[in-house]
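An overview of the molecular structure
In case you want the letters, here they are:
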Amino acid sequence: MLKKIFNKPEREQSRFSDLIGVDFSSTGTKVVRIKQSKGALALVGMDILPAVDLSEESACLSLPRNLTTNYCCLSYTGKQAVVRMINTNIANEVESLPEKKIRELLNINDEFRVSARLIKRGKDRQDSSFLAASIPNDDAERLIGMFPSGPPAPASLEISGLSFVTAFLHARGSECADSTVLLLETGETMSHFAFLTNGLITLVGKMPFGAKMLREKLAEELGLDEELAFSILSDASVNISSSISSILIPYIKQLSISKDFIERHQGGRISRLYISGGLSLLPAWGTEVGRLLGTHVAHWSPLENIEYSPEAYGDDMIKQATRFSAAIGAAIGGIEA
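Now for a description of the structure that goes with this document.

On to the sheet that holds strand β4 (residues 71-76), then. Strand order in the open sheet made by the six strands is β8-β4-β1-β2-β3-β14, with mixed pairing throughout. If you trace the sheet from one side to the other, it starts and ends with β8 (153-159) and β14 (306-307), each paired once. Bridge count between strand β3 (residues 40-49) and β14: two bridges; the pairing is parallel. When the sheet's bridge partners are listed, Leu41 is paired in β14 with Ile306.

Spelled out as structure tokens, the structure:
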């Protein structure tokens with residue numbers, strides 16, 4: 001989806017066909033292994049390992065043998081990471097921006113690694129649109145430092161809020177090739193959204209909202225402990241839509257403003273809202289978000305269009321496949337690079 005913030009060395013630019021995708025999140029480290037053969041992708045390993053605290057010095061990440069190959073593609077959800085569309089005027093022959101210009105447009109200093117990809121070239125004197133991302137150098141060094149000697153060796157590093165889009169395009173890209181859709185990936189502490197028009201990102205961002213905040217606020221509103229609040233959230237037979245709605249309003253407002261902007265700019269309505277991430281597993285979540293945004297909601301799985309044996313992972317792991325969207329997207333991005 002975006003040129004990786006940390007790229008594989010020049011001597012290793014050959015196409016990969018067997019990669020590990022690793023997504024570092026607050027609830028666990030999601031790991032997948034994906035192989036490509038005769039143009040088809042196959043899942044040959046998937047697991048959730050303990051979470052890594054990026055605020056502390058971390059030891060090496062030890063992977064099971066079935067999840068070990070020569071290279072891995074990393075993604076992570078960072079509080080200080082930035083994902084944003086930037087607009088600037090460029091010459092006709094220009095395809096990329098210098099790092100200094102990217103930092104200027106993102107309003108960050110040289111303590112961040114940055115990358116940007118041209119999405120839409122402006123006509124005549126119009127600005128061109130770039131998809132830009134930045135992560136703190138400290139985060140990058142800690143993540144890369146978990147693999148001091150291969151295998152696997154880090155081939156790339158990106159933000160989970162972008163790598164999950166790669167997984168979506170592989171799973172459902174053909175379904176929205178001629179329309180504008182909204183993707184919403186919501187995890188434990190963070191949500192990422194992306195508006196896609198004809199398969200290209202037109203607006204992207206993140207919100208400090210996730211399952212943890214929903215549990216806490218719901219427990220407070222109902223006068224319950226968090227464990228019981230989570231049980232109620234998971235029970236489709238209990239109607240708590242009004243409680244969820246009151247908690248969601250500030251964040252839905254941000255999405256609504258973005259949705260209205262895109263619809264005016266594109267001259268058409270958002271055809272569908274695709275949800276993913278751990279929070280999408282809760283029955284009431286998708287229903288309420290769709291109602292508040294006035295948009296049809298669709299679930300999707302990052303395992304669509306990927307060959308795998310259900311018996312090898314068990315029903316519970318397959319049902320939680322949406323939590324692996326970023327890890328799968330990171331691996332697919334590495335294979336497609």
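We now examine the layout of surface pockets. Of the voids in this model, the largest pocket is the one considered here, and its volume is about 880 Å³. Contributing to the lining of the largest pocket are 39 residues, with Ser25, Ser26, Thr27, Glu188 and Thr189 lying nearest its centre. Elements with a contribution of two residues or more to the lining of the largest pocket: β1 (18-25), α2 (137-145), α3 (160-172), β9 (180-186), α4 (211-222) and α5 (226-234). Taken together, the residues of the lining of the largest pocket sort by class into 13 nonpolar, 16 polar and ten charged. Of the volumes computed, that of the second largest pocket is approximately 510 Å³. Together, 20 residues line the second largest pocket, and Lys120, Ser129, Thr202, His265 and Gln266 are the ones closest to its centre. Secondary structure elements with two or more residues in the lining of the second largest pocket: β5 (82-88), β6 (112-120), β11 (200-207) and α6 (241-266).

What follows deals with α3. Counted at 1.5 Å a residue, the expected span for α3 with its 13 residues is 18 Å, and the 18 Å between its end C-alpha atoms agrees. Here α3 lies mainly inside the structure; twelve of its 13 residues are buried. All buried positions along α3 are accounted for by Ser160, Gly161, Leu162, Ser163, Phe164, Val165, Thr166, Ala167, Phe168, His170, Ala171 and Arg172.

Side chains of Asp110, Glu111, Asp138 and Glu141 sit close together on the surface and give a patch of like negative charge. Along the chain, the position of Asp110 falls in the loop between α1 (99-106) and β6. Given a relative accessible area of 59%, Asp110 falls into the exposed group.

Reading the values: rules and limits
Residues numbered from 1 in each chain as written. Predicted model: local features only at pLDDT ≥ 70, side-chain atom pairs only at ≥ 80, totals over all residues. Heavy atoms only, no water. Pairing = 2+ DSSP bridges. Helix = DSSP H or I, 4+ residues; strand = E, 2+ residues; numbered from the N terminus. 1 Å grid on protein atoms, 1.4 Å probe; cavity = no way out; pocket = protein on both sides within 12 Å on 5 of 7 lines; lining within 4 Å. Points joined across faces, edges and corners; volume = space filled by probe spheres on them. Nonpolar A, V, L, I, M, F, W, Y, C, P; charged D, E, K, R; others polar. Expected span 1.5 Å × (residues − 1). Buried < 20%, exposed > 50% of the residue type's maximum accessible area, 1.4 Å probe, protein only. Patch = residues over 30% accessible without salt bridge, like charges linked within 9 Å, V, L, I, M, F, W, Y side chains within 5 Å. Areas by Shrake-Rupley, 256 points an atom, 1.4 Å probe, with all protein chains shown as cover. Salt bridge = Lys/Arg side-chain N within 4 Å of Asp/Glu carboxyl O. Lys, Arg positive; Asp, Glu negative; His and termini not counted. Charge placed at Lys NZ, Arg CZ, Asp CG, Glu CD.

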